[in-house]
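Next come the chains, spelled out residue by residue.
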Amino acid sequence: MLEQEKNDENRFINEIMMIRPSENRVILVVEGKDDIVFLKHHIIPERVRIMQSGGKTNALAAAKYAYEKNMTGIFFLVDLDYDELTVFEKNYPLAIFSKSHDLFMDLLIANMDIMCRVIMGALVPTLGSDKDEPDCRQHAVKTFTQAVDLSSRLVDVRIASHKNSLNLKLENFPFGKLSSSTPSCDEIAEIIKRKSDTHLNVGDIEKLVGKSMYAEDSVPSPAEIEDILKKIGDHDFVAAVHKVFSCSFPAVEKFPRKHFRNSFLTMIPCETLENVAWIYLLKKKLSKINYEIFSCPNCFPLI
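Read on for a plain summary of the structure. In this text, all values refer to a predicted model and were calculated from it rather than measured experimentally.

Section: the overall build of the chain
Line of reasoning, step 1. Scanning the chain from N- to C-terminus turns up 14 helices and four strands.
Line of reasoning, step 2. Whereas a compact globule of 303 residues would reach a radius of gyration of roughly 19 Å, the chain reaches 21 Å, a difference of no more than 12%.
Line of reasoning, step 3. Projected onto its principal axes, the C-alpha coordinates of the chain cover approximately 55 × 50 × 30 Å.
Line of reasoning, step 4. For the chain, with 303 residues in total, the buried portion stands at 51%.
Line of reasoning, step 5. Considering only contacts within the chain whose residues lie at least 6 apart along the sequence, 66% involve residues at least 24 apart.
Line of reasoning, step 6. For the chain, the exposed area adds up to about 15100 Å²; of that, 49% sits on carbon and sulfur atoms.

Following this line, the structure appears as C-alpha cells:
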C-alpha cells in the first residue's frame, strides 16, 4: 500500500474517532458524494449524519477499526466492485455491500425505467415537442440498451486487470473520444494501451475487450440486460449513456454527463427501495438498535 493511501485511511479513521463520542445520531459512511445525492431525498437529517470516506479503501479501513473498537451506531455503505461478496461480508461486519458492481447500479437494476424516463426528458428538446411519448420512449429504450452494450465491453478487461494485476489504467475511460457508439475492439484496446503502463501489447488487450452485440445484430433481451448490468460500473454506464446519446442526437451536448446521473438519483421513488438489497440490509441493522432514518411515508416497513 502506498504511504499516501495509508495516511488517507488514518486521517479518516481519526475523523470518525473525533466525531463519534459527541454525535447522538447514527453515522452512515458512504464512499462518495453521489451516494449522498440519493440518500438525502429519503432520510431524516436530524437522525443520521452522513460522512464521505473518499474511497473504498478508507471506508473499509474505518469499518474494520470501528468493529475492532466495538463502536455502535455506525454503518458503512460500500461498492463491491469485482471483489468476492462472501469474503468481504465476513471480514467487514459493519459494512453493507452492493450486490452488483456498486450501489448506483443496484438502484438502476431495481428500476431501469427511471433512467429511460431521464433520457426521454433529454429527448424532448432534442426531437421537438411534436414527437409523441411512444416515439420518445422507443428512442430512449434504444439509447439505454446501446449504452448497456457499450459499457459492457470493458467488463472483461476490468475483471482481468483486477484479478491478475495487469496494471491497466481504466479509471475514467474516455468514452467521449471513441469514434462511435459501436467502436472496434482494436480502438478500445488502443486507448487503454496509451493510458496504461503495462507489458501487454494492443493485441493482448484487444482479446479482453468484449464485442458489441449491436455490431453483430444481436439485441439483448431484458433478462440479459439485467445480468450484464450487474457487472458494469456506474461511471462506465453513465459515460456510455452520454456517448450513445451524443452520437444519435448531437444537441445532447447541452446536457452534461452528470445530468443523467443526478436526474436518475433524484427521481427514484420510495417504493423502488423495496427492491434494493443494501437498503433492506441497512434497515435490518437499524432495526436491531430500534432506530429509523428513512423519512418517506412510502418507504417500505421492515417485515
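After that view of the structure, there is still more to cover.
Overview of helix α12 (residues 234-248)
Line of reasoning, step 1. Taking 1.5 Å per residue, 15 residues should reach 21 Å; α12 reaches 21 Å between its end C-alpha atoms and fits that length.
Line of reasoning, step 2. Among the 15 residues that make up α12, twelve are buried, leaving the element largely enclosed by the rest of the structure.
Line of reasoning, step 3. Every buried residue of α12 is listed here: D234, D236, F237, V238, A239, A240, V241, H242, K243, V244, F245 and S246.

Some details on the nonpolar core
Line of reasoning, step 1. Of all hydrophobic cores here, the largest spans 77 residues; its most connected members are F144, L229, F237, F264 and W278.
Line of reasoning, step 2. A per-element tally of this core places helix α6 (residues 112-127) first, with eight residues.
Line of reasoning, step 3. Discounting chain neighbours no more than four positions away, the residues touching L229 are M105, L108, I109, M112, F144, V148 and F237.
Line of reasoning, step 4. One finds A63, V78, Y92 and F97 within the second-largest nonpolar core, a separate group that totals 22 residues.

Notes on the state of the cysteines
Line of reasoning, step 1. Under the criterion given, the structure shown has zero disulfides.
Line of reasoning, step 2. Considering cysteine sulfurs only, C185 is the nearest to C247, which forms no disulfide, with 17 Å between them.

Some thoughts on the packing of aromatic side chains
Line of reasoning, step 1. Enumeration according to the criterion identifies eight aromatic pairs in this entry.
Line of reasoning, step 2. Taken together, a centroid distance of 5.1 Å and an interplanar angle of 55 degrees make the contact between F104 and F264 tilted. Here F264 lies in helix α13 (residues 257-267) and F104 lies in helix α5 (residues 103-110), a separation of 160 residues in the sequence.
Line of reasoning, step 3. On the basis of relative accessible area, F104 is assigned to the buried category, the value being 5%.
Line of reasoning, step 4. Through a chain of ring-to-ring contacts, three or more aromatic side chains come together here, namely F88, Y92 and F97.
Line of reasoning, step 5. Directly above the aromatic system of Y291 lies the positively charged group of R47, at a separation of 4.2 Å from the ring centroid.
Line of reasoning, step 6. Positioned above the aromatic ring of F104, the side-chain terminus of R261 is 4.9 Å from the ring centre.

Examining the sheet that holds strand β2 (residues 48-52)
Line of reasoning, step 1. Ordered by their spatial adjacency, four strands build an open sheet running β2-β1-β3-β4, and the pairing between neighbours is parallel. With partners counted over all chains shown, the strands left at the sheet margins are β2 and β4 (95-97), one partner each. Across this sheet, the average inter-strand angle for adjacent strands is 25 degrees, counted without regard to direction.
Line of reasoning, step 2. Where strand β1 (residues 26-30) and β2 come together, five bridges link them in parallel fashion.

Focus on empty space enclosed by the protein
Line of reasoning, step 1. In this structure the tally under the stated criterion is one cavity of 30 Å³ or more.
Line of reasoning, step 2. Put simply, the largest cavity is a space of about 50 Å³.
Line of reasoning, step 3. Taken together, D34, D35, F38, L103, F104, L107, L265 and W278 make up the full set of residues lining the largest cavity.
Line of reasoning, step 4. Here the lining of the largest cavity is built from residues that sort into six nonpolar, no polar and two charged.

Quick word on the packing of helix α1 (residues 3-19) against helix α3 (residues 56-68)
Line of reasoning, step 1. Relative orientation of the contacting elements α1 and α3 amounts to 50 degrees, with a least axis distance of 9 Å. Between α1 and α3, the crossing angle belongs to the class labelled oblique. Remark: the crossing between α1 and α3 carries right-handed chirality. Facing E5, D8, E9, F12, I13, I16 and M17 of α1, the residues of α3 in contact are T57, N58, A61, A62 and Y65.
Line of reasoning, step 2. Class assignment of the residues belonging to the contact of α1 with α3 gives a composition of seven nonpolar, two polar and three charged.

A word on the environment of I159
Line of reasoning, step 1. In this structure, I159 sits in helix α8 (residues 155-164).
Line of reasoning, step 2. Taking C-alpha positions, I159 is 6.6 Å from Y82, a pair spaced 77 residues apart along the chain.

The rules we used
- Residues numbered from 1 in each chain as written.
- Predicted model: local features only at pLDDT ≥ 70, side-chain atom pairs only at ≥ 80, totals over all residues.
- Heavy atoms only, no water.
- Helix = DSSP H or I, 4+ residues; strand = E, 2+ residues; numbered from the N terminus.
- Rg over C-alpha atoms; globule rule 2.2 N^0.38 Å.
- Buried < 20%, exposed > 50% of the residue type's maximum accessible area, 1.4 Å probe, protein only.
- Contact = heavy atoms within 4.5 Å.
- Areas by Shrake-Rupley, 256 points an atom, 1.4 Å probe, with all protein chains shown as cover.
- Expected span 1.5 Å × (residues − 1).
- Core = buried A, V, L, I, M, F, W, Y, C linked by side-chain atoms within 4.5 Å.
- Disulfide = S-S within 2.5 Å.
- Phe/Tyr/Trp six-rings, centres within 6.5 Å; stacked < 30°, edge-to-face > 60°.
- Lys NZ or Arg CZ within 6 Å of the ring centre and 35° of its normal.
- Pairing = 2+ DSSP bridges.
- Axes fitted to C-alpha atoms, helices over the stretch in contact; angles between N-to-C directions.
- 1 Å grid on protein atoms, 1.4 Å probe; cavity = no way out; pocket = protein on both sides within 12 Å on 5 of 7 lines; lining within 4 Å.
- Points joined across faces, edges and corners; volume = space filled by probe spheres on them.
- Nonpolar A, V, L, I, M, F, W, Y, C, P; charged D, E, K, R; others polar.
- Parallel < 35°, antiparallel > 145°, perpendicular 65-115°, else oblique.
- Left-handed = near helix turned anticlockwise from the far one by under 90°.

Bear in mind that shape data such as this cannot, by itself, settle questions of function.
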